[in-house]
Amino acid sequence: MTGSADTGAERDPEQERRADRKGGPGHGVLLALALAVPVAKVAYTVGGGDAVRDVFTGMEPANWPDVLLGMVITDPLLGSVLAVVISRVVFAVLAARGAVPADRGRAARLRRLGITLLNPLAFGVIVTCLFGPWWGLGTALCAFALREGVVVEYRTGRRRPHRSHGDRAHGASHDPRYDPPAWLRRAAAGEQLVALLLTVAVLPVLFFASALDGQAWTSVVACRVTDGTRTADARLIELSRKGNGVVGWNLDAEEISDGSGCTSTKSRYVREPWWRS
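Not measured: the values here are computed from a predicted model.

(A) Just the packing of helix H4 (residues 65-74) against helix H5 (residues 76-96), in detail. Packing of H4 against H5 leaves a shortest axis separation of 5 Å and a crossing angle of 105 degrees. Taken as axis vectors, H4 and H5 run roughly perpendicular relative to one another. Contact residues: H4 offers Met71, Val72 and Thr74, while H5 offers Pro76, Leu78, Gly79 and Leu82.

Here you go:
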C-alpha cells in the first residue's frame, strides 16, 4: 500500500512514487503474513512444538501453501479483504510504472477504464464463485473505489510514474488540464488512509483470527488407522493423498498416520478458538 492521507503537510511525491513501484507497505505486509500465518495456524491447531515439524514434514514442501489457501477460501471476510488489498497493491505498482494514461483521448480513456475495472472484476468473479454474489459485488466495488484514488493522484501529477529514458517520448506523465473537484481530491486522500488501514491493521487481524479459530485448514476425515496389529477408527487432518489412502495428523494419537477407507466429517473444528480457551 501507499502512504497515509494528506492532512495538510506536504507529502514527498518522489518517496510515495518509489513506494508504489515497490508495492508500498502492502507488499511487505503480505509477504510477512504469507510466511508467519500458516505456521501460526498449524501451531495452534495441532499444539505446537514437534507436532508442527511433523505436520509440515508430512505435508511435503509442495503442499505447504495449502495452509494459507485453505484459510483464505473458507473465510469470506478474510478472502474479500485480501482480494481488495492485492488488487490495490498490483494497481499501484502498475501505475508507478506508467500504466495510467494521462491524456484525454478516447483511446486513453478506454485504456484507463480498462485497467481500472479489469482487476476488480476478476477478483469479484473469484469471490463470487467462492462465497456468493454479494461478497463478490462488495469486493469488486471496494477494489474499484480504492483504485480511483491512485488514478486521480497520477493524472493530477501529485505522483509521477517512473519512466526510463526510452519512455519519455510517450508524452507527459500527467494531464495539466485535468482538474478534479475538491471532493474527489479529498476522496483520493481518504482512499489512501483506508487502503493503509486495510493493509496494516484489518488484514493482519483477520489472518490471525483465522489462524487461532480452532478450525483445520483442510478437511478432517474419519479413517481406519492400522498401528502394528491394532486397527482403530481415528480423525485425521488430511495432509496429502497416497494411493487410495490419506496421510494426516491423527488427532487422537497426536502423530502422523496413514488412513484408509476415509470419509469426510462435517466439521473442521478440532479445538476451541483461542479467545475461548
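(B) Structural detail: the pattern of salt bridges. Enumeration over the complete set of coordinates arrives at six salt bridges. The salt bridge involving arginine 53 is made with aspartate 50; its shortest N-O contact spans 1.9 Å. Residue arginine 53 and its partner aspartate 50 are located together in helix H3 (residues 50-59), separated by three residues, close to a single helical turn. Residue aspartate 233 is joined to arginine 224 by a salt bridge in which the shortest nitrogen-to-oxygen separation is 2.7 Å. What makes aspartate 233 exposed here is its relative accessible area of 56%.

(C) The arrangement of the nonpolar core in detail. Judged by nonpolar contacts, the single largest core of 34 residues is most densely connected at Val42, Val46, Val55, Leu203, Phe207, Trp217 and Ile237. Of all the secondary-structure elements, those providing two or more residues to this core are helix H2 (24-46), H3, H4, H5, helix H8 (182-211) and strand S2 (230-242). Residue contacts for leucine 203: discarding those within four places in its chain leaves Leu30, Leu33, Leu78, Val81, Leu82, Val85 and Leu198. Listed in part, the six residues of the second largest apolar core include Cys223, Val225, Leu236 and Val246.

(D) The arrangement of H8 in detail. Between its first and last C-alpha atoms H8 spans 42 Å; for 30 residues at 1.5 Å apiece the expected length is 44 Å, and the two agree. In the structure, H8 departs most strongly from a straight axis at leucine 198, where the bend amounts to approximately 40 degrees.

(E) Main features of the pairing of strand S4 (residues 255-264). Pairing between strand S1 (residues 220-227) and S4: four bridges, direction antiparallel. Residue pairing across strands places valine 225 opposite glycine 259, the latter belonging to S4. Of the pairings in the sheet, the one linking strand S3 (residues 245-250) to S4 comprises five bridges and is antiparallel in character. Bridging from a neighbouring strand, valine 246 pairs with glycine 259 of S4. Hairpin connection from S3 to S4: four residues lie between these consecutive antiparallel strands, with glutamate 254 at a positive phi of about 55 degrees.

(F) Broad picture of the packing of H5 against H8. Contact geometry for H5 and H8: axes closest at 10 Å, N-to-C directions at 140 degrees. As far as their axial angle goes, H8 and H5 are oblique. For the pair H5 and H8, the crossing hand works out as left-handed. Between H5 and H8, the residues in contact are Leu77, Leu78, Val81, Leu82, Val84, Val85 and Arg88 and Glu191, Gln192, Ala195, Leu198, Thr199, Val202, Leu203, Leu206, Phe207 and Ser210, respectively.

About the thresholds
Residues numbered from 1 in each chain as written. Predicted model: local features only at pLDDT ≥ 70, side-chain atom pairs only at ≥ 80, totals over all residues. Heavy atoms only, no water. Axes fitted to C-alpha atoms, helices over the stretch in contact; angles between N-to-C directions. Helix = DSSP H or I, 4+ residues; strand = E, 2+ residues; numbered from the N terminus. Parallel < 35°, antiparallel > 145°, perpendicular 65-115°, else oblique. Contact = heavy atoms within 4.5 Å. Salt bridge = Lys/Arg side-chain N within 4 Å of Asp/Glu carboxyl O. Buried < 20%, exposed > 50% of the residue type's maximum accessible area, 1.4 Å probe, protein only. Core = buried A, V, L, I, M, F, W, Y, C linked by side-chain atoms within 4.5 Å. Expected span 1.5 Å × (residues − 1). Bend = angle between axes of the 7 residues up to and from the residue. Pairing = 2+ DSSP bridges. Left-handed = near helix turned anticlockwise from the far one by under 90°.

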